[in-house]
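# Residue-level structural notes
Here is how the chains run, residue by residue.
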Amino acid sequence: MNPETEGTLLAFLVLLALGLESAVIKANPSNPIGFITLSIFFAALILWVVLLATGKFREIRKKPGELKKAFLTGLFATTIAYSLYSLGTSMSTATNSAIITRLEVFYSLAIGWLFLRERVSGKALTSSLLLFGGVFLVLTQGKWITPRKGDFLLLLTPLFWQLGHTVAKFTDYSPLTIATLRNTFGFLLLLPLAFLSGIRLTKLAVAEGVIIATTQTLWYASISRINLSKATVILTPAPAVTIAVAIAFLGESVGVYHLLGFLLVVIGTLMIAFEESGKR
């Protein structure tokens, strides 16, 4: 299997996991900052066990200079992004949060083109617009969203996710090591905020930790093989996947806007799946 196919399939696995993750986060009964900090701790713990068992930790000792990049990945993509996401969501609505953070695809196209010299084709841009439009229809049922206080923070969230991913693309560590260090540094930086806001251990925090450890390892394996922008486009319909699961397994009703939105998501996904990664 060639790297393009491998990277694309890995991104689709992350998409499915993210679609399920929303249900776990939504069911969380504790403080958002405390919850995500504990979840990141468990993710780091799991990843360190795997890192030590596989012997991958040796590359940290061999390439100590890469630690600075891993720290920046943790700072941008975990500490700052998750803080903005938690605070923004608490001051907005779940629908606004899901839609606004999906604008990440457009940040990715711009950052990939500017800093990673990734080729952005008309097909990729069209696919992104279709996917975002599909997610919007599924989540809003065709109604415009009402702006809220936290929306500006939510608008900044995907920017820091993408900055962290961009640094990771330049980091000469394996995907497993990057994911481990990202969560380690992210946990240590978030810990003071968690103590201030309150920490409560729950089974859901452990479950979220498993999801984070798995998705981030798969994610970094994906973007080491394909363009960051392509991988991000594939993740765009994650909220639609969550709703599809709810419809399929929880018996929720299907409306016209659901069907139109899912149709746009399917078309956009098929378009980007066969798009070749390349440099400009």
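Described below are features of the structure shown in this document. Remember, it's a predicted structure, so these values are computed and weren't measured experimentally.

### Let's talk about a nonpolar patch on the surface
On the surface, I46, V49, V50, L201, V206 and V210 cluster together into a nonpolar patch covering about 470 Å² of accessible area. Among the secondary structure elements, those contributing two or more residues to the nonpolar patch are α2 (32-54) and α10 (203-223). Broken down by element, the nonpolar patch gets its largest block of residues, three residues, from α2. Residue placement: V49 occurs in helix α2.

### Observations regarding the nonpolar core
Counting 44 residues, the largest nonpolar core has I36, I40, W219, Y220, I223, A231 and F262 as the members making the most contacts within it. Of the residues forming this core, the biggest block, six residues, is contributed by helix α9 (residues 175-197). Beyond its immediate chain neighbours, meaning those up to four positions away, I36 contacts Y82, L190, E208 and I212. Of all hydrophobic cores here, the second largest spans six residues; its members include F76, A81, W161 and V167.

### Comments concerning the environment of K169
Considering the arrangement of structural elements, one finds K169 in helix α8 (residues 151-169). Considering only alpha carbons, one finds K169 and Y220, 51 residues apart in sequence, at a separation of 8.2 Å. The residues contacting K169, other than those within four sequence positions of it, are L116, E118, I223, I226 and L228. Separated by 2.6 Å, the side chain of K169 and the backbone oxygen of I223 make a polar contact.

What counts as what
Residues numbered from 1 in each chain as written. Predicted model: local features only at pLDDT ≥ 70, side-chain atom pairs only at ≥ 80, totals over all residues. Heavy atoms only, no water. Patch = residues over 30% accessible without salt bridge, like charges linked within 9 Å, V, L, I, M, F, W, Y side chains within 5 Å. Areas by Shrake-Rupley, 256 points an atom, 1.4 Å probe, with all protein chains shown as cover. Salt bridge = Lys/Arg side-chain N within 4 Å of Asp/Glu carboxyl O. Helix = DSSP H or I, 4+ residues; strand = E, 2+ residues; numbered from the N terminus. Core = buried A, V, L, I, M, F, W, Y, C linked by side-chain atoms within 4.5 Å. Buried < 20%, exposed > 50% of the residue type's maximum accessible area, 1.4 Å probe, protein only. Contact = heavy atoms within 4.5 Å. Polar contact = N/O pair within 3.5 Å; in protein donor to acceptor, adjacent residues only side chain to side chain.

Remember that the coordinates give geometry; whether it matters functionally is a separate question.
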